[in-house]
Structure formats: structure tokens, C-alpha cells
Amino acid sequence: MTRLKGAPEALAGAYDLALLDLDGVVYLLHEPIPEAAATLAALPGLDCDPVFVTNNASRSPETVAESLRGMDIPAEAAQVLTSAQVVASGILDRIGKGGKVLVTGSHALRDAVTGAGLVPVDDPKAAAAVAFGYTPQTSWRSLADTTIAVRGGAYWAVANLDATLPTPDGPLPGMGALVGAVATALGHGPDFTAGKPEQPIYRIAMARKPGGRAIMVGDRPDSDIAGANRAGIDSLLVFTGVASPRLALGLPPEERPTYLGWSLAALTEAHPEPDWNEAVDRIGCGGWTAELDGPDIRLSGQGDELDGWRALCELSWAAADMNGYDPSRPPVPVGPAAEKLLAS
């Protein structure tokens, strides 16, 4: 019955690889998450190797690693995996070395294509494949050339389908919006998508330690966590980005994580396992108890607030699956500690 797992000691010690999303996990809009540097520094002592996994195809691994080090976060280029690298790998598998590729995107994407032994070309009618990634400079001409190449039979590989990208001015049109423009002209979508939640980026990341156990750490249930579930690996949902504990209560099965954490630091912490009663209508976690009472879930007890949310999520997910419980219905607090938790 348990959906959330427990870890009696530091969570990362149970895994060989930690696949780390960047924005919302390691930093937020280019400001480092306070616990990130210490957590990354602790991973080698737990025999867990980090892989910084990003859907962003506009920066090279070297640039990403340099940026992280500028935030005092230990990182090397060899620990970074970008969707540009995955795009190049996917095209190479399809057309082989020496194949001609129209590159619509950044210098980093072009370098990844060249580094894979492929040949960038400017003529869309000469291309056997298209490598398509986001840049702010993408023009109508770029979209038109992509359309011409794909309509002529070129293999269309895109970095990701993220509809928006985060900015200080709020979400703005992202890679998915550009792909949508070309797809509208073509009448179909891309042949290959590199980034999360699609599987290529997970497969290549896990191949860095063949046979090792991997955990995905992300802040986006519909991307990081959904992709991990498809890949058959465990995941840690952190609340330093777009997700909140209250949002987590209503997650559908395909977006539910294996663990919850306030931040990346949860990799270095133990995680209590939610404890079900025999009637399967009550869960204890830490000092908290979540109980199904007709159409409501009641929370009582006290202790670490995250344990309260663990109990609530576990029961909310199970009740939604088995009893038709409405996860949008607010939990009912019982006692001052529960009132404080649910008011936060």
C-alpha cells in the first residue's frame, strides 16, 4: 500500500546516481538554493554521483558547470547532461556519423552536433536531420527552414517540449511554443524529443553508471517526476521550485514521487516511512496521523511538518485511487499543530 518510501539513513546512500534538475532544485532564477552547495559536497562521501540534467539546450556543459561553480556549487562539465547532447546522440543513432544536420538553435547545440561527428549545414533541402533547440534569437526564417527540411524527409529532433520558460517577468514562451509553430505548419510533431519527461535524457544519464541505482530530484511533477516514473526509477520531489506540499496532495499517479523533501538537502537526510493501519484508512508518520473520515481527511498530532505532509499525501493518493476521494477537498485540522501546518 505504501507509495512513499522510507530511508533509515541519508537518502543518497541508497543510490549510485542522483539526477539533478537545475532551476528550482539547485538554483532558482540564477540564485543558488541555500542548501545546494553543502548537499553536493556531501554526495561523494555517500558514494552517490551527481548528474546535472537540464532541458536547456542553449548552454554547453562547460558553461553550465562554470555557472554552478560561480554559485559555490561543486560541478564539472563531465557531470552535466544537456538536452543538446541528447539531441545530437539521437540524430547520430538515426543517420550515422557524417550525416548532414540543419541546426536551429544555439552555438552549444551546434557544438554538440559537431562533437557527435555530424556535419551542420545551412541548406534545409540538404539536411538529413534537424537539431531544434531554443534561443531568444529564433526567427521566422529559422522556423521556415526547419519546416522545409522536415517536410523534405529530414529527421526532426527537438531539445524539449516545455511550453514556457521561467523568467523574472514570469513564464514566457518556451521551446514547446516554437515546436508548436512548426508542427502546425507540418501537421505533425517531432520524431525525437530529448528532454524530460521523455526517456532519452534519462537513459543517457543512467548510462553514466551502468547497473547503478538512480534517483531523480526535481521540482516539477509533470516533468521531472513523471519522467522518472516512466523510466522506472525513484524520485524526490522538492518544494524549492514550482511545487508545494498542498499541490502534491492532488498529484495523479503518474506524477507521484517516491520521496518528499523541503529542498535538495533531503538527499542527506533520513526519511520516515508512512505507517498504515490494518483497516487502510489511517496513516501515521512521525508524530502525525492522517485519517479518512467520510469525505474528509483529518490531520492530528504534531512534530516535523514534512512528516505531516507525508501522511496527508500518502492517504490522499490512496483514497483518490481506491475510494474516489476528491484531493482538492482541504484536509481538516484537529488541534493547534495541525491548524498551523495547514494554514502555512
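All values reported here derive from a predicted model rather than from experimental measurement.

> Please explain the packing of helix α10 (residues 305-322) against helix α11 (residues 336-343) as it appears in this structure.
For any two helices packed against each other, the geometry comes down to the angle between their axes and how far apart the axes lie. Packing of α10 against α11 brings their axes to within 11 Å, and their N-to-C directions diverge by 80 degrees. One element, α10, and the other, α11, form an angle in the roughly perpendicular class. Contact residues: α10 offers Glu-305, Gly-308, Trp-309 and Leu-312, while α11 offers Lys-340, Leu-341 and Leu-342. Considering only residue class, the contact of α10 with α11 consists of four nonpolar, one polar and two charged.

> Can you walk me through the pattern of salt bridges in this structure?
The full count for this structure, using the stated rule, is 15 salt bridges. Across the pair Asp-49 and Lys-209 runs a salt bridge whose closest N-O atoms are separated by 2.7 Å. One end of the pair, Asp-49, is in strand β4 (residues 49-54); the other, Lys-209, is in the loop between α7 (200-206) and β13 (214-218), with 160 residues separating them in the sequence. By relative accessible area, which is 26% here, Lys-209 ends up partly exposed. Asp-224 is paired through a salt bridge with Lys-196; the nearest N and O atoms lie 2.9 Å apart. Of this pair, Asp-224 sits in helix α8 (residues 221-231) while Lys-196 sits in the loop between β12 (192-193) and α7; the two residues are 28 residues apart in sequence, bridging distant segments of the chain. Each member of the pair, Asp-224 together with Lys-196, is buried. Taken together, the shared-partner salt bridges connect Arg-3, Arg-256 and Asp-321 into one network.

> I tried to follow the sheet that holds strand β7 (residues 119-121) on my own but got confused; where do I start?
The pairing of strands in a sheet comes from backbone hydrogen bonds and takes either a parallel or an antiparallel form. The strand order β7-β6-β8-β9-β12 describes an open sheet built from five strands, whose pairing is parallel. Edge positions in the sheet fall to β7 and β12, since each of these pairs with one other strand and no more. With four bridges joining them, strand β8 (residues 129-132) and strand β9 (residues 155-158) adopt parallel strand pairing. Bridge pairing in β9 places Phe-132 opposite Val-158. Each of β8 and β9 is contacted by helix α6 (residues 175-186), which is oriented at about 160 degrees to β9, the strand it contacts most.

> Even after reading the chapter, I still don't get unusual backbone geometry, so can you show me in this structure?
As a rule of thumb, non-glycine residues mostly have phi less than zero, and peptide bonds are mostly trans rather than cis. Cis geometry marks the peptide bond from Lys-196 to Pro-197, where omega comes out at 5 degrees. Among the secondary structure elements, Pro-197 is positioned in the loop between β12 and α7. Of note, Leu-29 is a non-glycine position whose phi angle comes to about 50 degrees, a positive value. Looking at where Leu-29 falls in the secondary structure, it is placed in the loop between β2 (27-28) and β3 (31-32). Look at Leu-29 and you get partly exposed, because its relative accessible area is 37%.

Calculation notes
- Residues numbered from 1 in each chain as written.
- Predicted model: local features only at pLDDT ≥ 70, side-chain atom pairs only at ≥ 80, totals over all residues.
- Heavy atoms only, no water.
- Axes fitted to C-alpha atoms, helices over the stretch in contact; angles between N-to-C directions.
- Helix = DSSP H or I, 4+ residues; strand = E, 2+ residues; numbered from the N terminus.
- Parallel < 35°, antiparallel > 145°, perpendicular 65-115°, else oblique.
- Contact = heavy atoms within 4.5 Å.
- Nonpolar A, V, L, I, M, F, W, Y, C, P; charged D, E, K, R; others polar.
- Salt bridge = Lys/Arg side-chain N within 4 Å of Asp/Glu carboxyl O.
- Buried < 20%, exposed > 50% of the residue type's maximum accessible area, 1.4 Å probe, protein only.
- Pairing = 2+ DSSP bridges.

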